[in-house]
Amino acid sequence: MHWVPVAALSDNYIWLVADDEGNAFVVDPGEAAPVEAALKARGWTLRAILLTHHHNDHIGGVFDLVRDHDVEVISPLDTRIPYKTQIVGEGDTVVLDAPRATFQVMEVPGHTTSHIAYAGEGFLFCGDTLFSVGCGRLFEGTPEQMLASLDKFAHLPPETLVFCAHEYTASNIRFALSIDPDNAPLRRRRDEVARLREDGHPSVPSRLAEELATNPFLRVDSEAIARWAEAHGKEHATRAERFAALRQAKDTFTA
Ligand code: ZN
Ligand code: FE
């Protein structure tokens, strides 16, 4: 399987995935034009669209793509998402014929109430739920919901490739280092991301194992995060309270 990050809008990645015959699917096309250009450049044919949530930077290109291609549009149940042909939810399996691929659907509320993710083939398409070294903002869900969603990801195989939808890694790392400054894998990731971005490369996908070692939002049970919470007057906090405090600190963080 081949995958390409299609840069769109200001900092979105639309993931385009194809087999050797050029049968492709796309995840969260916030824009159509860069997807069309990427397909054309490779001679690929679009067969399916997978959507994670209703935000316009993830679905804005769907109308143009369904007009010009014969595609399935796989989506969570949400009236705010038009043009869907197949609605999926927790425990459903998405089976694509071409490219041949199977994904398990996970309901992952937090960023939005109907947000879903697709896991399979060693890939995780997590939309705006998990970012590299960060997580999505809580627009519609509670900290408890978001934490439960991230916990689901944490149980996937550690070698899973995490395909998030935004290039937020460098600023996420600045926040993570402010919480967890002595984390050696995190410091290595900072240096790696600095090199990648300097050379004009995306910082994602990352491996789940690396996220488990570096991402503060996946590390609420770690000693480092417990120490940070304690230093912020939360010595008896539950893990959900530690998560909520982290998310709130990130919302107001300026490097
Ligand atoms: Zn979003
Ligand atoms: Fe987004």
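Structural notes, computed from the coordinates.

Rules and cut-offs
Residue positions are given per chain, counting from 1 as you read along its sequence in written order. Whichever chain is written first is A, and whichever ligand is written first is 1; the rest continue in order. Only residues with pLDDT of 70 or above have their local features reported here, since the model is predicted, and side-chain atom pairs are shown and tallied only from 80 upward, although totals for entire chains, interfaces and linings are computed over all residues. To get the side-chain values, all heavy atoms of the structure are used, and hydrogens and water are removed first. Note on donors: an N, O or S atom is included if it sits within 2.8 Å of the metal, or within 3.2 Å for Na, K and Ca, and water is never included, so sites can look incomplete. Labels for metal geometry use angle windows, namely 85 to 135 degrees for all angles of a four-donor tetrahedral site, and for square planar (four donors) or octahedral (six donors) sites opposite donors over 155 degrees apart plus all others within 65 to 115; sites meeting none of these are irregular. Each helix corresponds to a stretch of at least 4 residues labelled H or I by DSSP, and each strand to a stretch of at least 2 residues labelled E; elements are numbered beginning at the N terminus. Buried means the residue's accessible area, taken with a 1.4 Å probe over protein chains only, is under 20% of the maximum for its type, while exposed means over 50%, and partly exposed covers the values in between. Pairing between two strands requires that DSSP report at least two bridges joining them. Residue contacts are counted whenever heavy atoms from the two residues lie within 4.5 Å of one another. Think of each axis as a best-fit line through the C-alpha atoms, taken over the contacting stretch in the case of a helix, with angles from 0 to 180 degrees between the N-to-C directions. By definition, a salt bridge exists where a carboxyl oxygen of Asp or Glu is found within 4 Å of a side-chain nitrogen of Lys or Arg.

1. Section: the coordination of the iron ion (ligand 2)
Ideal donor angles around a metal are set by the shape: a four-donor tetrahedron calls for 109.5 degrees, a six-donor octahedron for 90 or 180 degrees.
Part 1 of the reasoning: Donor atoms from the polypeptide that bind the iron ion (ligand 2) are D57 (OD), H58 (NE2), D128 (OD) and H166 (NE2), placed at 2.1 to 2.3 Å.
Part 2 of the reasoning: Here the iron ion (ligand 2) is ringed by four donor atoms whose angles at the metal span 85 to 167 degrees, and the overall shape comes out irregular.
Part 3 of the reasoning: Here the zinc ion (ligand 1) and the iron ion (ligand 2) are spaced 3.2 Å from one another, each receiving a donor from D128. Taken together, the residues span a long stretch of sequence, with D57 in helix α2 (residues 56-59) and H166 in the loop between β13 (161-164) and α5 (169-179) at a distance of 109 residues. With respect to class, D57 is no different from H166; both count as buried.

2. Quick notes on the sheet that holds strand β6 (residues 86-87)
Part 1 of the reasoning: Reading across from one edge, β1-β2-β3-β4-β5-β6 is the order of the six strands in this open sheet, with mixed pairing throughout. Two strands close off the open sheet at either side, each with one partner strand: β1 (2-8) and β6.
Part 2 of the reasoning: Two elements, strand β3 (residues 23-27) and strand β4 (residues 45-50), share five bridges in a ladder whose sense is parallel. Residue pairing across strands places V27 opposite L50, the latter belonging to β4.
Part 3 of the reasoning: The sheet contacts of helix α1 (residues 33-42) involve β1, β2 (12-18), β3 and β4, and relative to β1 the element is tilted by about 145 degrees.

3. Some remarks on the coordination of the zinc ion (ligand 1)
Part 1 of the reasoning: Protein coordination of the zinc ion (ligand 1) is provided by H53 (NE2), H55 (ND1), H111 (NE2) and D128 (OD), with donor distances spanning 2.2 to 2.3 Å.
Part 2 of the reasoning: Coordination at the zinc ion (ligand 1) comes from four donor atoms whose angles at the metal span 86 to 171 degrees, giving a geometry best classed as irregular.
Part 3 of the reasoning: Each donor residue of the zinc ion (ligand 1) belongs to the same chain, and together they define the spacing H-x1-H-x55-H-x16-D.

4. A few points about the pattern of salt bridges
Part 1 of the reasoning: Across all of its chains, the model carries 15 salt bridges by this definition.
Part 2 of the reasoning: As a salt-bridge pair, R239 and D221 come within 2.9 Å of each other at their nearest N and O atoms. Of the two residues, R239 sits in helix α9 (residues 239-251) while D221 sits in the loop between α7 (208-214) and α8 (223-231), which places them 18 residues apart along the sequence.
Part 3 of the reasoning: Overall, the relative accessible area of 30% leaves R239 in the partly exposed class.
Part 4 of the reasoning: Residue classification places D221 among the exposed positions, given a relative accessible area of 54%.
Part 5 of the reasoning: Measuring nitrogen to oxygen at the nearest pair gives 3.4 Å for the salt bridge that ties R227 to E223. Taken as a pair, R227 and E223 lie in helix α8 at a separation of four residues, close to a single helical turn.
Part 6 of the reasoning: We classify R227 as partly exposed; its relative accessible area is 47%.
Part 7 of the reasoning: Residue E223 is classed as exposed on the basis of its relative accessible area of 62%.
Part 8 of the reasoning: Here the salt bridges do not stand alone but share partners, grouping D151, D221, R239 and R242 into one network.

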